[in-house]
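Spelled out from the first residue to the last, the chains are:
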Amino acid sequence: MTAETDAIAVVRRSLALCRAGKDRPHTADGDANSQELINQEWKPVDPDGESMDLGILLTMTGPRIEFFDEQVLNAIAGGITQVVICGAGFDDRALRFRTPGLRFFDLDLPEVSAEKARRLRSGGADTSRLTLVPIDFRTDDVAAALDVAGHDASQPTLFLAEHLFVFLTKRDVIALLAGLHRRAAAGSRLAATLESHAAGLDSDTVIAEFNREFFGDIVAMPSIYSRSTFLTLFVDAGWAVEAPDVVRGVPHTDVIDTEFVSAIA
Ligand SMILES: C[S@@+](CC[C@H](N)C(=O)[O-])C[C@H]1O[C@@H](n2cnc3c(N)ncnc32)[C@H](O)[C@@H]1O
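Quick caveat, the model's predicted, so the values are computed rather than measured. (Residues numbered from 1 in each chain as written. Predicted model: local features only at pLDDT ≥ 70, side-chain atom pairs only at ≥ 80, totals over all residues. Heavy atoms only, no water.)

*Asks:* I'd like to hear about the overall build of the protein, residue by residue, with values.
*Replies:* Each helix and strand in the protein was counted, giving nine helices and nine strands. Taking 2.2 N^0.38 as the reference for a compact globule, 265 residues should give roughly 18 Å; the C-alpha atoms of the protein span a radius of gyration of 17 Å, in line with that estimate. For the protein, buried positions account for 50% of its 265 residues. Sequence separation of at least 24 residues holds for 75% of the intrachain contacts in the protein that already meet a minimum separation of 6. As displayed, the protein has an accessible area near 11700 Å², and 54% of this comes from carbon and sulfur atoms. (Helix = DSSP H or I, 4+ residues; strand = E, 2+ residues; numbered from the N terminus. Rg over C-alpha atoms; globule rule 2.2 N^0.38 Å. Buried < 20%, exposed > 50% of the residue type's maximum accessible area, 1.4 Å probe, protein only. Contact = heavy atoms within 4.5 Å. Areas by Shrake-Rupley, 256 points an atom, 1.4 Å probe, with all protein chains shown as cover.)

*Asks:* Please provide a residue-by-residue account of the nonpolar core, values included.
*Replies:* One finds L107, F165, F234 and W239 to be the most contacted residues of the largest nonpolar core, which totals 45 residues. If sequence neighbours within four positions are ignored, L107 has contacts with V84, I85, C86, G87, A88, V133, I135, F137, V142 and L146. (Core = buried A, V, L, I, M, F, W, Y, C linked by side-chain atoms within 4.5 Å.)

*Asks:* Would you mind going over helix α6 (residues 142–149) in detail, with residue names and values included?
*Replies:* Listed in full, the buried residues belonging to α6 are V142, A143, A145 and L146. Projected onto a plane normal to the axis of α6, the buried residues spread over an arc of 165° and lie on a single side. The backbone nitrogen of A143 lies 3.0 Å from a side-chain oxygen of the residue at the head of α6, namely D141. Directly beyond the C-terminal end of α6, a positive phi value near 100° is found at G150. (Arc of directions from axis to C-beta. Polar contact = N/O pair within 3.5 Å; in protein donor to acceptor, adjacent residues only side chain to side chain.)

*Asks:* Talk me through the site of the ligand; I want residue IDs and the actual numbers.
*Replies:* Taken together, 19 residues form the shell around the ligand, and within it R12, G87, D108, D136 and E162 come nearest. Separating an oxygen atom of the ligand from a side-chain N or O atom of R12 is a distance of 2.9 Å. Contacts to the ligand include R19, whose side-chain N or O atom sits 2.9 Å from an oxygen atom. For the ligand, whose free accessible area comes to 590 Å², the fraction covered by protein is 98%. It is helix α1 (residues 3–19) that contributes the most residues to the shell around the ligand, four residues altogether. Looking at the shell around the ligand, its residues break down into ten nonpolar, three polar and six charged. (Near = heavy atom within 4 Å. Nonpolar A, V, L, I, M, F, W, Y, C, P; charged D, E, K, R; others polar.)

*Asks:* Could you give me a rundown of helix α9 (residues 227–236), with the residues and numbers involved?
*Replies:* Listed as buried for α9 are R227, F230, L231, L233 and F234. Buried residues of α9 fall within an arc of 150° about the axis and therefore sit on the same side. Every exposed residue of α9 that faces more than 90 degrees away from the buried side is listed here: V235 and D236. Just downstream of α9 lies G238, where phi reads positive at about 105°.

*Asks:* Before we move on, can you summarise the side chain of R96 with the specific residues and values?
*Replies:* Turning to its location among the elements, R96 is positioned in helix α4 (residues 93–96). Relative accessible area serves as the criterion here: at 1%, R96 is assigned to the buried category. Within the structure, R96 has its side chain in polar contact with the backbone oxygen of A32 (distance 2.8 Å).

*Asks:* Mind laying out unusual backbone geometry, listing which residues take part and the relevant values?
*Replies:* One non-glycine residue, D217, lies in positive phi territory at about 65°. The residue D217 is located in the loop between α8 (203–215) and β6 (225–226) in this model. Even without being a glycine, A243 presents a positive backbone phi close to 40°.

Okay, structure coming up:
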C-alpha cells in the first residue's frame, strides 16, 4: 500500500461509516443494517491509526446519502431492473434496496472489490442480486466490463457515481461518461457528484491548493472544474442533464462545492 492508497482507503471507509447508524430507507426485501454488515469492526481512524472525528464529513455527506438513496428508490418505483454503481467502494445499496427482479453491479478497483466480497461473505449477506465488477477506470473499458458482467444494454439502467469523478483525470471522466452512455438504453439515468469551483477560477490552481491543503500532496484529486465545464462533459458524452439551472449540493470547502447532478440517456 502506498501513502496515497492508504489515504484513499480512509476516505472510502469514512464514507461507509457515515452511512451506518443513520435512519435510512430500505426496501421490503432489503437489509436495514446493510452498511453495518459491511463495516463490521471498522472505527473512524486516520492513516496513522489515530482516532478520527467524522463530524464535518457526517454533515457534508448527509444530503448526498439522501440524494443517492432517493435516486435508487425512484428508479425502483419506475420499474428499473439494473443499477450500476461506479466507484462503489463500500456502498451498501445493493443490500439495502434488494428487490426481486432488480440486479446491482458494484464497480471498483480489484482490491476494493475483493475486500468487499470478503466482508459480504463473512457478514453472511444475501448477494444473490449483486455482481461485483473489478475494474480500473484509468485503463479498462467500462462498457466492455459491463457486458462481460452480464449487464443488459437493451434494458434501462440507473448509473450512480458518488464521489468518484474527483479521483479521475478529465480524460478518464470523459471515457467513463461515454462508456456508460454506450450501455444506456432509452430510459436510463445517471446520478453523480462532481466537485465544482466558481466560474472564472483557474481549475489547476484550485486543484493544486486542495490537494496540498487536505492531503499534503499525497493524493491527487485531479478533477475539480467549474459547473459548466463539468456539465459540458456530460452533454458531449450524450447525457442530457436534468434541470441544468438548478444547483443542488453541499459546500465541500470555502472554494469547492459537491454538486449532485442527474442526467438522462
Ligand atoms: C471516495 S470513494 C467513494 C466510494 C463510494 N461511492 C461511497 O460514496 O462510499 C471513491 C471510490 O472510487 C474508487 N475509484 C477511484 N479510482 C478508481 C478507478 N480508477 N477505477 C475504479 N474505481 C476507482 C475508489 O476505489 C473508491 O472506492
